[in-house]
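Commentary on secondary and tertiary structure
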Amino acid sequence: MTAPRRQLGLFGGKHRPPRSSVNDRALVESSGLFDAGYYLSRNDGLNDAEADPLAHYLETGAISRARPGPGFDPAWYLDTYPEIRSTGSNPLVYYLRTGRHRGHLPLRSYDAALVRAVIAQQAVLDPALAQSGMEARVETLPGQSSMAQGPLHRAWLTLLRSLDSSPDRLIVGEQTGYDAARLHQAVGPLNDPLFPSNLPWLFLDLRAGGNRKRAAVRAVASSGREIMLEDVDSGSRIRLVNIVVRSLEIKEVVLLDAPLPRRIRKRYGKFWSHDTQVTFIRGPWVPRAEMLLSWLKRIWARR
Amino acid sequence: MDITAVINGHREQGLARPSLASLRAAVGYARSRGLEVEVVAALDCSDALTRDVFRDVAFDVPYRQLELDVDDLGEARNRAVAAARGRWIALLDADDLWSENWLHAAFAAASADARLAVWHPEVAVYFGEAERVLTHVDMDDPDYDLAALAVQNQWTALGFCSADLLRAVPYPTTNLSIGRGYEDWGWNMAVIAKGARHKVVPDTGHMIRVRSNSLGSRTARSRSHPAIPPGMFRTLVGAKDFGDPPPRKAAP
C-alpha cells in the first residue's frame with residue numbers, strides 16, 4: 001500500500017500550509033493592500049524582528065480585525081457588508097476574491113465628519129430624519145463613488161479600449177463557440193469593400209463559463225481583433241449589450257436565437273427600435289458559418 | 001441678482017416642509033454673507049396639500065411661484081430657469097435638502113473658476129427607504145473616467161451652474177413609455193458635450209430622500225436610459241485615457 005505523500009514528507013513536512021493559505025498569501029501580497037511597516041507599527045506585540053508580518057496577519061491579525069494597511073479597513077468592511085461575517089472568511093481575502101468584483105469598497109469612501117455634520121444640521125429640520133437615527137450610523141453607512149465600479153464597468157472599459165474602430169453593426173449570440181477565424185470565414189465576405197453596405201461590425205458571444213458569477217463575453221471585431229471580457233456576471237452581460245448599442249450608437253443589431261438574446265430583445269428591443277434596426281433570427285443556437293453569412297447578407301445587403 | 005434658488009415641487013405634500021426649511025437656511029446663510037438671492041418655486045401638477053405647504057413658507061428675499069401643468073420634471077426646471085433673474089442657478093427638488101453652506105460655497109467655487117462648469121456637493125447622503133453616501137467625482141480628478149458615464153450617472157440633479165449654461169442646454173424631457181428617462185443623467189452628458197466640466201465643492205453635502213414611488217425609482221424599474229449626445233462615446237473607441245471629453249468640432 002502506498003503511504004500518503006504527506007507522511008513521506010514530500011511537501012516539506014507537516015507544517016506545510018494548506019494550498020488555500022498559500023494562494024491567500026500570494027493574493028494579498030500581490031494586491032498591494034498589505035503594508036508590513038504599517039502593520040508592525042499598529043501591533044505592539046510585534047516588532048521588526050518578527051519573521052513574517054504577513055503570515056502573522058493571515059493567521060492572527062485578520063481574526064482580530066487588524067488593519068493590514070492604510071488601503072483596507074476590515075472593521076468598516078464587515079460592518080458595511082455584514083453578509084461576509086457568515087462566510088468566516090478573512091475580510092481582505094474575501095474582498096480580493098469576490099467583493100471588489102461586486103463593486104465593494106475597501107474602506108469608507110467619504111468624510112464621516114462632513115456626513116455627520118450634514119445629517120445633524122438637517123435632522124433639526126426634518127423630524128423623520130431625526131427619528132431614523134441615521135446620525136448614529138454615520139461610520140458604517142454604505143459608501144459609493146459616483147464613478148461606476150464593478151464587473152460591468154470593467155468589461156465596458158476593456159471593450160472600449162480594445163476596439164480599433166467604432167462598429168455600426170452588432171451581432172449577439174450565446175455560447176456559439178465561434179472563434180475569430182471561424183467567424184471571419186462566416187462574416188468575412190461582408191468586409192469586402194465591394195459588398196453593397198460595408199460597415200464595421202462587432203460580434204458579442206455571451207458565454208456562461210460554468211459558474212454564473214464567472215460568465216464572460218467574447219467580442220470579435222470586423223478587423224479580426226478578439227477581445228475576451230472575463231468575469232462579467234450573468235446579469236451584466238445583458239446590460240453590457242444595451243450599453244454597447246446605445247453608447248456606440250449601433251445602427252443595426254442582429255440577435256441570434258438563444259435564451260439570452262431573446263431576453264435582450266424582450267427587455268430592450270422596443271426601446272432600441274427608435275434609433276436602431278433590430279433583427280431577431282430564428283434558427284439553431286449555433287448556425288453553420290454558411291448559414292450565418294447567408295442570413296447577414298440577406299439582412300444587410302438590402303440596406 | 002447673484003443666485004436664483006429654484007425649488008421644484010410636484011406632490012411632495014408634508015415632505016416639502018423640511019426641504020423649504022433647508023432652502024430658507026441656505027438662502028439666509030448666503031444672504032448674510034453679502035449675496036443677493038431670489039427663490040423661484042415651480043409647482044408642476046401639484047396637489048392642494050403641496051400648494052398649502054408652499055403657501056405657508058415665507059422668504060425674506062424675492063420669491064415667485066410658478067404653477068405649471070407640464071407633468072415633467074425636466075421641463076418644469078426649464079420653465080423655472082426661464083423665469084430666473086440670477087446669474088447663477090441652484091436646483092433643489094422639494095423632498096431633498098441642502099446643507100446650509102451650499103449656496104455660498106458653490107457661488108465662491110464657481111466664481112473662482114473661469115471654466116464652464118456645473119458644481120456639485122462633495123457628498124450626497126441618501127436617506128429614507130435606503131441609506132448610502134455617494135461621493136461625487138470631480139472631472140479634474142486624475143482618475144476621472146469619462147467612459148464610465150455610459151454605465152451610470154455620476155452626479156445628482158441638484159447642481160449649481162450659470163443661468164446661461166442651463167438656457168443653452170435645457171433639461172431633456174422624460175418619456176418612460178419609449179424608454180427615455182434619467183433627465184439628470186442625460187443633462188449631465190449634454191453639458192459635457194457642450195464643453196462644460198462637472199466639479200465638486202468641498203465640504204458641502206445634500207440629502208436625497210429615497211422613495212419607492214419617486215421618478216428615479218420608476219425610471220429604474222422601466223429600464224429607461226437617457227439620450228446620449230452623438231459621438232460622446234464612439235469617439236473614445238481605442239483611446240487609452242478617458243479622462244477628458246473628446247475635443248469639440250469647430251463651429252462651421
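As the structure is a computational prediction, the values presented were derived from the model and not from experiment.

**As for the overall build of chain B**
On a plain count of helices and strands, chain B comes out with 7 helices and 9 strands. In summary, chain B has a C-alpha radius of gyration of 18 Å against a globular reference of 18 Å for 252 residues, a match within 12%. A principal-axis box enclosing the C-alpha atoms of chain B has dimensions of 55 × 45 × 40 Å. Counting over 252 residues, chain B shows a buried share of 60%. A separation threshold of at least 6 residues defines the contact pool for chain B, and within that pool the share at least 24 residues apart is 78%. Summed over all atoms, the accessible surface of chain B reaches about 9,900 Å², with 50% contributed by carbon and sulfur.

**With respect to the sheet that holds strand S4 (residues 216-221) of chain A**
Residue and element names in this part refer to chain A. Pairing in this open sheet of 6 strands is mixed, and the strands run S5-S4-S3-S2-S6-S7 from one edge to the other. Two strands in the sheet have a free side with no partner beyond their single neighbour: strand S5 (226-229) and strand S7 (277-281). Pairs of neighbouring strands in the sheet enclose a mean axial angle of 15 degrees, with direction left out of account. Of the strand pairs in this sheet, strand S3 (residues 201-207) and S4 are connected by 6 bridges, and their pairing is antiparallel. From the neighbouring strand, Arg207 faces S4, where its bridge partner is Ala216. The strands touched by helix H8 (residues 151-162) within the sheet are S3, S4 and S5, with S5 carrying the most contacts at an inclination of about 170 degrees.

**Some details on the nonpolar core**
It is characteristic of soluble globular proteins that their nonpolar side chains tend to be buried jointly. A:Trp156, A:Leu170, A:Val244 and B:Leu149 are the most contacted members of the largest nonpolar core, which totals 52 residues. B:Leu149 has contacts with B:Tyr144, B:Gln154, B:Trp155, B:Trp185, B:Met189, B:Ile192, B:Met232 and B:Phe233, leaving out every residue within four places of it along the chain. If you look at the next biggest cluster of nonpolar residues, it comprises 40 residues, including B:Leu35, B:Val61, B:Ala90 and B:Ala109.

**A word on the interface of chain B and chain A**
Contacts between the two partners involve 56 residues from chain B and, on the opposite side, 46 residues from chain A. Both sides of the chain B and chain A interface together cover about 4,200 Å² of buried area, and 59% of this is carbon and sulfur. Here chain B is connected to chain A by 3 salt bridges. Between A:Asp168 and B:Arg234 there is a salt bridge, with the nearest N and O atoms lying 3.0 Å from each other. Along the contact surface separating chain B from chain A lie 18 residue pairs in polar contact (both at pLDDT 80 or more). Of all the secondary-structure elements, those providing two or more residues to the side of chain B that touches chain A are helix H1 (16-32), strand S5 (97-98), strand S6 (117-128), strand S7 (132-135) and strand S9 (197-210) of chain B.

**Section: the pairing of S9(B)**
Residue and element names in this part refer to chain B. Of all 14 residues in S9, 11 are buried; the element is thus mostly enclosed. The pairing of S5 with S9 spans 2 bridges and is classified as antiparallel. Across the sheet, Leu97 pairs through a bridge with Met207, a residue of S9.

**Some details on unusual backbone geometry**
Residues and elements named next belong to chain B. Of note, Cys45 is a non-glycine position whose phi angle comes to about 50 degrees, a positive value. Tracing the sequence through the fold places Cys45 in the loop between strand S2 (37-44) and helix H2 (48-56). The backbone of Asp203 sits at a positive phi, close to 60 degrees, despite the residue not being glycine.

**Focus on the packing of aromatic side chains**
Inspection of the entire model under this criterion finds 16 aromatic pairs over all chains. With 5.5 Å between their ring centres and 70 degrees between their planes, B:Tyr182 and B:Trp185 make a pair best called edge-to-face. Taking the relative accessible area as the measure of exposure, B:Trp185 reaches 6% and is therefore buried. Pairwise contacts between aromatic rings join A:Phe72, A:Trp76, A:Tyr77, A:Tyr81 and A:Tyr95 into one cluster. Residue placement shows B:Arg33 over the ring face of B:Tyr29; its charged tip is 3.6 Å from the ring centre.

**Comments concerning the pattern of salt bridges**
Scanning the entire structure with this criterion turns up 31 salt bridges over all chains. A salt bridge links A:Arg108 to A:Glu139; its shortest N-O distance comes to 2.7 Å. With A:Arg108 in the loop between helix H5 (91-97) and helix H6 (112-123) and A:Glu139 in the loop between helix H7 (127-132) and strand S1 (143-145), this residue pair connects regions lying 31 residues apart in the sequence. Of the charged contacts in the structure, one is a salt bridge between B:Arg115 and B:Asp140, with a shortest N-O distance of 2.6 Å. Within this pair, whereas B:Arg115 is found in the loop between helix H4 (102-111) and S6, its partner B:Asp140 is found in the loop between S7 and strand S8 (160-162), the two being separated by 25 residues in sequence. With relative accessibility at 32%, the residue B:Asp140 sits in the partly exposed group.

**Looking at the pairing of S2(B)**
Residue and element names in this part refer to chain B. Counting buried residues along S2, 8 of its 8 residues qualify, which places the element largely inside the surrounding structure. Side chains Val37, Val39, Ala41 and Leu43 of S2 all project onto a buried face; the interleaved residues Glu38, Val40, Ala42 and Asp44 project onto the opposite face, where all are buried too. Bridge count for strand S1 (residues 3-9) against S2 is 7 bridges, and the pairing is parallel. The partner of Ala5 across the bridge, within S2, is Val39. Regarding the hand of the β-α-β motif, the stretch spanning S1, H1 and S2 is right-handed.

**Digging into the environment of B:Phe160**
Residues and elements named next belong to chain B. Tracing the sequence through the fold places Phe160 in strand S8. Note: C-alpha distance between Phe160 and Asn175 (15 residues apart in sequence) is 25 Å. Every residue in contact with Phe160, bar those within four places of it in the chain, is listed here: Ile3, Trp88, Ile89, Ala90, Trp102, Leu103, Ala106, Phe107, Ala110, Ala117, Val118 and Trp119.

**Side note on the environment of B:Pro202**
Along the chain, the position of B:Pro202 falls in strand S9. Assessed through its relative accessible area of 52%, B:Pro202 is described here as exposed.

**Structural notes on the side chain of A:Asp73**
All names here are of chain A. Secondary-structure assignment places Asp73 in the loop between helix H3 (53-61) and helix H4 (74-80). A polar side-chain atom of Asp73 sits 3.2 Å from the main-chain amide nitrogen of Ala75. From its side chain, Asp73 meets the backbone nitrogen of Trp76 in a polar contact 3.2 Å long. If sequence neighbours within four positions are ignored, Asp73 has contacts with Arg67, Pro106 and Leu107.

**Overview of the confidence of the model for chain A**
Residue and element names in this part refer to chain A. For chain A, the average pLDDT comes to 80, and 84% of its residues sit at 70 or higher. Within chain A, the lowest mean pLDDT, 72, falls on helix H9 (residues 180-187), and the highest, 93, falls on H6. Long-range and interchain partners of residues 1-17, a stretch whose pLDDT sits below 50, account for 6 contacts in this model, where long-range means more than four residues apart.

Thresholds, definitions, all that
- All residue numbers refer to position in the chain's written sequence, counted from 1.
- Ligands are numbered from 1 and chains lettered from A, in the order in which they are written.
- In view of the model being predicted, local features appear only for residues whose pLDDT reaches at least 70, and side-chain atom pairs are presented and counted only at 80 or more, with totals across whole chains, interfaces and linings using the full set of residues.
- To obtain the side-chain values, all non-hydrogen atoms of the structure were included, while hydrogens and water were left out.
- Helix numbers and strand numbers start at the N terminus; a helix is a DSSP run of H or I with at least 4 residues, a strand a run of E with at least 2.
- What the globule rule says is 2.2 Å times the number of residues to the power 0.38, and the radius of gyration is computed from C-alpha atoms.
- Exposure classes here rest on a 1.4 Å probe applied to the protein chains alone. A residue is buried below 20% of its type maximum, exposed above 50%, and partly exposed in between.
- When checking whether two residues touch, look at their non-hydrogen atoms; a contact exists if any pair is within 4.5 Å.
- All accessibility values rest on the Shrake-Rupley procedure with a 1.4 Å probe; residue burial counts only the protein chains present in the view.
- Paired strands, in this sense, are two strands between which DSSP finds at least two bridges.
- To obtain an axis, a line is fitted to C-alpha atoms, over the contacting stretch when the element is a helix, and the angle between two such axes runs from 0 to 180 degrees between their N-to-C directions.
- Side-chain atoms within 4.5 Å link the members of a nonpolar core, which is a set of buried Ala, Val, Leu, Ile, Met, Phe, Trp, Tyr and Cys residues.
- Values labelled buried area give the accessible surface lost by two parts on being combined, using a 1.4 Å probe and summing over both.
- Within this document, salt bridges are pairs made up of a side-chain nitrogen of Lys or Arg and a carboxyl oxygen of Asp or Glu, the two lying within 4 Å of each other.
- Polar contacts here mean pairs of N or O atoms no more than 3.5 Å apart (in protein, one a potential hydrogen donor and the other a potential acceptor; neighbouring residues in sequence count only if both atoms are side-chain atoms).
- Side-chain rings of Phe, Tyr and Trp, where Trp is taken by its six-membered ring, are said to pair if the distance between their centres is within 6.5 Å; with planes under 30 degrees apart they count as stacked, over 60 as edge-to-face, and otherwise as tilted.
- Lysine and arginine charges are scored as sitting over a ring when NZ or CZ, respectively, is within 6 Å of the ring centre and within 35 degrees of the ring normal.
- A clockwise path from the first strand over the helix to the second, with the strands pointing away from the viewer, defines a right-handed crossover.
- Scored between 0 and 100, pLDDT is the confidence that the predictor attaches to each residue.

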